[in-house]
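Listed below, chain by chain, are the residues.
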Amino acid sequence: MKKQGISIYEASPGSAEQPKKKGLPCHLYFDLEFSRRHNAERNGDEMVDLLISVILEALFEKYSIQGNQDWIVELESSTAEKFSRHLIIRIPNTAFKDNTHAGAFVSEICSRIHSARGKDERFENMFVRKDSSSAEPPSQLLIDAAVYSRNRCFRLALSSKAGKNSVLLPTERFKCKDMCEEDMFMSSLICSMDVDCNKLLVCKMDMECMKTLQFDTEVNNDYRRHCTPKELPLNGVPSDTGNSPFPDLDKFIESISSIGNISGGAIFKIYFPRTLSSRFG
């Protein structure tokens, strides 16, 4: 199922119109990228595998969670010019409290990699060059730390960026290797919770020492409100389609998503029964 030239994104929990609105639980996710032209010696699989080992180690040390690679959804849209992958880690019965807590945990992961760099030569391979003009050693991590802010959009599986043909597809590794396309797509949604998600992971700055992260867990009393039903009826599902509050944005989306005589458009929001999650925003 190839979606050339079609961009579809999942919005991070939160609202620009309501900045104090509480975010929704989310799975741990990573956006990994670097220029292959400027980092020809880097092996993407080895870099991702080492990153996963650090993630699983941190989950065990901070939350006593014994990780499993079968929890990992790995998607790729790499080209000859650019390495690009998404990792989504779906911990059974568990999610991060919201994407800011996930982002704080990712900062812990980045800190561990920086600390290990001088002790273990394998971690040198986790750093990349931004361009070929620099004479300095590679200094940038392959992890994009900008995807954890409020209202950030995360590209969905089976779509490509506007004007591009590199579709975000599952790799044949980890959880995706034995999944059908529909199950893979639903598993790749970072804000789609299973009905048994009853524990939330907390990661935030300690109020007494702002340079120290605090790790904790909470009972998710509202987990049934955040879950995704296994089957969603198509009839009678209310949705806001067509025009959004931003006419110029509507025109732009229609202009780039129309193919030949087929007119494109945008799904502004979709509301599913018994869930507060918007699939697209």
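Now for a look at the structure at hand. (Residues numbered from 1 in each chain as written. Predicted model: local features only at pLDDT ≥ 70, side-chain atom pairs only at ≥ 80, totals over all residues. Heavy atoms only, no water.)

### Re the packing of aromatic side chains
The description of an aromatic ring pair rests on the distance of the ring centres and on the angle between the ring planes. In total, this model carries seven aromatic pairs according to the counting rule given. Measuring from centroid to centroid gives 5.9 Å for Y63 and F105, while their planes differ by 40 degrees, and the two rings are tilted. Taken together, the residues Y63 in helix 1 (residues 44-63) and F105 in helix 2 (residues 99-117) connect sequence positions 42 residues apart. F105 shares its class with Y63; the two are buried. Between F96 and F105, the aromatic rings sit 5.4 Å apart at their centres with planes inclined by 45 degrees, giving tilted as the arrangement. Accessibility classification places F96 together with F105 in one group, the buried group. Following the ring pairs from residue to residue traces out a cluster consisting of Y63, F96, F105 and F215. The ring of F127 has R117 lying over it, and the distance from NZ or CZ to the ring centre is 3.9 Å. (Phe/Tyr/Trp six-rings, centres within 6.5 Å; stacked < 30°, edge-to-face > 60°. Helix = DSSP H or I, 4+ residues; strand = E, 2+ residues; numbered from the N terminus. Buried < 20%, exposed > 50% of the residue type's maximum accessible area, 1.4 Å probe, protein only. Lys NZ or Arg CZ within 6 Å of the ring centre and 35° of its normal.)

### Let's talk about helix 2
With 19 residues, helix 2 ought to run about 27 Å at 1.5 Å a step, and its terminal C-alpha atoms sit 27 Å apart, in line with that. Among the 19 residues of helix 2, 14 are classified as buried, and the element is accordingly described as predominantly covered. (Expected span 1.5 Å × (residues − 1).)

### Some thoughts on the pattern of salt bridges
When charged atoms on two side chains of opposite charge get close, those side chains can pair. Taken as a whole, this structure holds 16 salt bridges when the rule is applied. Here E41 and R129 are joined by a salt bridge, their closest N and O atoms 3.0 Å apart. Of this pair, E41 sits in the loop between strand 2 (28-35) and helix 1 while R129 is found in the loop between strand 6 (127-128) and strand 7 (140-141), placing the two residues 88 residues apart along the sequence. Look at R129 and you get partly exposed, because its relative accessible area is 27%. Measuring nitrogen to oxygen at the nearest pair gives 3.2 Å for the salt bridge that ties K97 to E218. In this pair, K97 is assigned in the loop between strand 5 (94-96) and helix 2 and E218 in strand 11 (residues 213-219), connecting sequence segments 121 residues apart. Residue E218 is classed as partly exposed on the basis of its relative accessible area, which comes to 31%. Members of the salt-bridge network, linked through shared partners, are D45, D49, E74, E76, R85 and R173. (Salt bridge = Lys/Arg side-chain N within 4 Å of Asp/Glu carboxyl O.)

### Description of the sheet that holds strand 2
The four strands lie next to each other as 2-4-3-9, forming an open sheet whose pairing is antiparallel. The open sheet has two edge strands with one neighbour each: strand 2 and strand 9 (169-170). Bridge count between strand 3 (residues 72-76) and strand 9: two bridges; the pairing is antiparallel. The residue bridging L75 from the neighbouring strand is P170, located in strand 9. Packed on one face of the sheet, helix 1 meets strand 2, strand 3 and strand 4 (82-89) and runs near 30 degrees to strand 4. (Pairing = 2+ DSSP bridges. Contact = heavy atoms within 4.5 Å. Axes fitted to C-alpha atoms, helices over the stretch in contact; angles between N-to-C directions.)

### Looking at the sheet that holds strand 5
Ordered in space as 5-10-11, the three strands form an open sheet in which the pairing is mixed. Both edges of this open sheet fall to strand 5 and strand 11, since each of them pairs with a single strand only. Between one strand and the next, the sheet's axes are offset by a mean angle of 25 degrees, whatever the strand orientation. Strand direction decides the pairing type here: strand 5 and strand 10 (residues 199-205), joined by three bridges, are parallel. Bridged to F96 within strand 10 is L201. With respect to the sheet, helix 2 is in contact with strand 5, strand 10 and strand 11, its orientation differing from that of strand 10 by roughly 65 degrees.

### As for the nonpolar core
A general trend in soluble globular proteins is that nonpolar side chains are found buried together. F30, L51, F105, I113 and M126 are the most contacted members of the largest nonpolar core, which totals 58 residues. Taken together, the elements giving at least two residues each to this core come down to strand 2, helix 1, strand 3, strand 4, helix 2, strand 6, strand 10 and strand 11. In terms of residue count, helix 1 provides more of this core than any other element does, eleven residues in total. Those residues in contact with F105, other than ones at most four positions away along the chain, are L28, I55, A58, L59, Y63, F96, C203 and F215. (Core = buried A, V, L, I, M, F, W, Y, C linked by side-chain atoms within 4.5 Å.)

### Points about helix 1
Each α-helix winds once per 3.6 residues, and so residues spaced three or four apart point in a common direction. Counted at 1.5 Å a residue, the expected span for helix 1 with its 20 residues is 28 Å, and the 28 Å between its end C-alpha atoms agrees. Among the residues making up helix 1, those that are buried are G44, M47, V48, L50, L51, I52, V54, I55, L56, A58, L59 and Y63. Among the residues of helix 1, the N-terminal cap falls to N43, whose side-chain oxygen and the backbone nitrogen of D45 are separated by 3.1 Å. Looking one or two places after helix 1, you find S64, whose phi comes out positive at around 55 degrees. (Polar contact = N/O pair within 3.5 Å; in protein donor to acceptor, adjacent residues only side chain to side chain.)

Just distances and angles here, no functional claims.
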